Amino acid sequence: MEARFTSADFFAMFDVPFLHGRGWSGADDEARARVAVITRDLSEKLFGTVDSVGKSIRLSQHEFRVIGVIDDWAPRPRFFDVTNDRFSGAEQVYVPFQTSRALDFGAQGNMNCWDDSRKVADDPEGNRGVNAPCAWLQYWVELGTVEKADAYRQYLRNYSDQQHTAGRFQRPTHVALSDVMTWLDKNNIVPGDVRLQLWLALAFLVVCLLNTVGLLLAKFLRRSSELGVRRALGASRWQIFQQCLVEAGMIGLAGGVIGLGLAWAGLWAVRQQPADYAALASLDGVMLATTFVLAIVASLLAGLLPAWRACQITPAVQLKSQ
């Protein structure tokens with residue numbers, strides 16, 4: 001069973017929805033209270049569909065009281081922790097951080113140390129000691145203004161300078177604050193081949209549009225006699241223009257239907273890959289609507305020039321050629 005050891009602010013900062021109960025308070029964390037928040041799936045697995053707040057669970061031979069049940073919540077990618085299983089679901093149990101240290105629950109995640117083992121051995125808590133030359137904690141802060149961000153950045157600089165002076169940090173101070181999207185980009189959450197596939201798809205779309213322009217232009221000009229007769233019978237240039245655009249739009253709609261089938265087949269193929277993000281390949285309602293809108297808009301754009309050329313046909317010249 002996966003667990004996360006965190007502070008009381010985790011639930012409010014990341015807008016975690018609760019089905020029952022609540023998260024713990026800062027006082028619970030400081031008091032090292034043996035309380036826990038569990039997921040809806042775990043609650044139903046252990047206690048059924050009843051409200052499990054107030055019931056007890058055992059973690060590593062220690063008893064914890066359930067104070068909250070999280071509703072369905074599994075952000076993907078798991079932006080708040082990209083070190084392990086970044087595309088998997090959320091943990092099933094949440095425990096106060098100070099409680100996890102008091103009960104020696106260990107650490108779940110990456111452990112990076114930059115000094116020899118002697119300093120780690122000198123610390124009673126080993127590599128998880130406060131003064132150990134190791135990094136294993138992740139900090140997230142919510143800063144609502146630029147002023148707060150600047151103040152926090154200066155706080156981090158001061159801390160780093162102090163640690164460097166004390167000999168714990170070996171490298172010069174380098175402080176950076178990243179928002180969620182920047183953090184995901186730094187950690188290469190979206191693989192490079194996915195970006196390459198996007199650019200290839202856009203290039204393929206441009207090639208298709210150019211081919212469509214040429215085909216529609218040939219199609220409409222080949223019907224010059226028909227369009228000339230329509231003009232002679234009273235149709236205006238605007239009506240001819242509209243007719244050609246409607247035909248282009250219908251072609252785009254048909255292309256959208258075919259493209260949707262190809263997209264479903266392609267997503268199925270992606271889900272068969274061993275990549276950790278493969279399970280996320282799906283087609284939702286917004287993407288479905290976007291597919292048809294993009295197909296129709298693209299075909300209309302491609303049909304503008306052919307439609308304009310078609311409505312410039314002179315009726316007299318076409319009638320004389322008959």
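The structure this text deals with has already been given above.
Keep in mind the model is a prediction, meaning the values are calculated, not measured.

## Observations concerning the overall build of the protein
Then step 1. For the protein, the helix and strand inventory stands at 12 helices and 8 strands.
Then step 2. Going through the 322 residues of the protein one by one, you find that 32% of them count as buried.
Then step 3. About 19,800 Å² of surface is accessible on the protein, with carbon and sulfur atoms providing 58% of the total.

## As for the layout of surface pockets
Then step 1. The space that makes up the second largest pocket amounts to roughly 1,700 Å³.
Then step 2. Looking at the lining of the second largest pocket, the elements with two or more residues in it are helix H8 (192-222), helix H10 (237-271) and helix H11 (285-311).
Then step 3. Counting residues per element, the lining of the second largest pocket draws most heavily on H8, which supplies 14 residues.
Then step 4. For the lining of the second largest pocket, the class distribution of residues is 26 nonpolar, 11 polar and 3 charged.

## Let's talk about the packing of helix H9 (residues 224-232) against H10
Then step 1. Put simply, H9 and H10 touch, their axes get as near as 10 Å, and they point 140° apart. In terms of their interaxial angle, H9 and H10 are classed as oblique. Here the hand of the crossing between H9 and H10 comes out right-handed. On H10, the residues that touch Glu226, Leu227, Arg230 and Arg231 of H9 are Arg237, Ile240 and Gln243.

## Re the nonpolar core
The tendency in soluble globular proteins is for nonpolar side chains to be buried side by side.
Then step 1. Of all hydrophobic cores here, the largest spans 19 residues; its most connected members are Phe10, Phe11, Trp24, Trp73 and Tyr94.
Then step 2. Looking at this core, the elements that each hand over two or more residues are helix H1 (9-13), strand S3 (35-39) and strand S5 (62-70).
Then step 3. Apart from residues lying up to four places away in sequence, tryptophan 24 is in contact with Thr6, Ser7, Ala8, Phe11, Asp29, Val35, Val37, Ile67, Tyr94, Val95 and Pro96.

## What to know about H10
Then step 1. Taking 1.5 Å of rise per residue, 35 residues should cover 51 Å, and H10 covers 50 Å from first to last C-alpha, within 8% of that figure.
Then step 2. All buried positions along H10 are accounted for by Ile240, Phe241, Gln243, Cys244, Leu245, Ala248, Gly249, Gly252, Gly256, Leu260 and Leu267.
Then step 3. Lining the buried residues of H10 we find H8, H9 and H11.

## Re the packing of aromatic side chains
Then step 1. Summed over the entire model, instances satisfying the criterion amount to 19 aromatic pairs.
Then step 2. On the numbers, 5.4 Å between centres and 75° between planes, the contact of phenylalanine 14 with phenylalanine 79 is edge-to-face. With phenylalanine 14 in the loop between H1 and strand S2 (18-21) and phenylalanine 79 in the loop between S5 and strand S6 (93-96), the pair connects residues that are 65 residues apart, well separated along the chain. As far as burial versus exposure is concerned, phenylalanine 14 and phenylalanine 79 are alike and both buried.
Then step 3. Judged by centre distance (6.0 Å) and plane angle (40°), the rings of phenylalanine 64 and phenylalanine 105 are tilted.

## What about the pattern of salt bridges?
Then step 1. By the definition in use, this model includes 7 salt bridges.
Then step 2. The salt bridge involving arginine 4 is made with aspartate 81; its shortest N-O contact spans 2.7 Å. Here aspartate 81 lies in the loop between S5 and S6 and arginine 4 lies in strand S1 (residues 3-6), a separation of 77 residues in the sequence.
Then step 3. Assessed through its relative accessible area of 13%, arginine 4 is described here as buried.
Then step 4. Given a relative accessible area of 5%, aspartate 81 falls into the buried group.
Then step 5. For glutamate 91, the salt bridge is made with arginine 4, and the minimal N-O distance between the two is 2.8 Å. With a gap of 87 residues between them, glutamate 91 in the loop between S5 and S6 and arginine 4 in strand S1 connect regions that are remote in the sequence.

## A short note on the side chain of serine 52
Then step 1. For serine 52, the position within the fold is in the loop between helix H3 (40-47) and strand S4 (56-59).
Then step 2. Leaving out residues up to four positions away in the same chain, serine 52 has contacts with Ile38, Ser43, Phe47, Val66 and Val69.

## Regarding the pairing of S1
Then step 1. Both faces of S1 are covered, namely the face carrying Ala3 and Phe5 and the face carrying Arg4 and Thr6.
Then step 2. Both S1 and S6 contribute to a ladder of 4 bridges, which runs parallel. Bridging across to S6, arginine 4 finds its partner in tyrosine 94.

## Describing helix H6 (residues 146-166)
Then step 1. Helix length check: H6 (21 residues) gives 30 Å between terminal C-alpha atoms against 30 Å at 1.5 Å per residue, within 8%.
Then step 2. All buried positions along H6 are accounted for by Ala149, Tyr152, Ser160 and Gln163. On an axial view of H6, the arc spanned by its buried residues comes to 80°, and they lie on one face. Within H6, the exposed residues directed more than 90 degrees away from the buried face are Glu147, Tyr155, Gln162 and Thr165.
Then step 3. After H6 finishes, the residue glycine 167 shows a positive phi value of roughly 95°.

Cut-off values and rules
Within every chain, residues take consecutive numbers counted from 1 along the sequence as written. Whole-chain, interface and lining totals are the exception, using all residues; otherwise, since this is a predicted model, local features are given only for residues with pLDDT of at least 70 and side-chain atom pairs are given and counted only at 80 or more. Excluded from the side-chain calculation are hydrogens and water; included are all heavy atoms of the structure. Secondary structure elements are defined from DSSP: runs of H or I of at least 4 residues count as helices, runs of E of at least 2 residues count as strands, and each element is numbered from the N terminus. Three labels apply to residues, based on accessible area from a 1.4 Å probe with only protein chains included: buried if under 20% of the type maximum, exposed if over 50%, partly exposed otherwise in between. Reported accessibility uses the Shrake-Rupley method at a 1.4 Å probe radius. Residues are deemed covered only where the shown protein chains occlude them. Here a cavity is any set of points on a 1 Å grid over the protein atoms alone where a 1.4 Å probe fits but cannot get out, and a pocket is any open set with protein on both sides within 12 Å along at least 5 of 7 lines; a residue lines the site when it has an atom within 4 Å of a point. Grid points are joined across faces, edges and corners, and a volume is the space filled by probe spheres set on the points. Charged residues are taken to be Asp, Glu, Lys and Arg, nonpolar residues to be Ala, Val, Leu, Ile, Met, Phe, Trp, Tyr, Cys and Pro, and polar residues to be all remaining types, Gly included. Axes here mean lines fitted to C-alpha atoms, for a helix over just the part in contact, with angles spanning 0 to 180 degrees between N-to-C directions. Here the word oblique covers every angle except those under 35 degrees (roughly parallel), over 145 (roughly antiparallel) and from 65 to 115 (roughly perpendicular). With the far helix as reference, a near helix turned anticlockwise by less than a right angle produces a left-handed crossing, and one turned clockwise produces a right-handed crossing. Only heavy atoms enter the contact rule, under which two residues are in contact if any of them lie within 4.5 Å. Among buried residues, those of type Ala, Val, Leu, Ile, Met, Phe, Trp, Tyr and Cys that are joined through side-chain atoms within 4.5 Å constitute a nonpolar core. To estimate the expected span of a helix, subtract one from its residue number and multiply by 1.5 Å. Aromatic pairing here means that ring centres of Phe, Tyr or Trp (its six-membered ring) are within 6.5 Å. Orientation follows from the plane angle: under 30 degrees is stacked, over 60 is edge-to-face, and everything else is tilted. Any carboxyl oxygen of Asp or Glu within 4 Å of a side-chain nitrogen of Lys or Arg constitutes a salt bridge here. Criterion used throughout: strands pair if DSSP finds at least two bridges between them. An arc is given here, and it is the one of the directions from the helix axis to the C-beta atoms.

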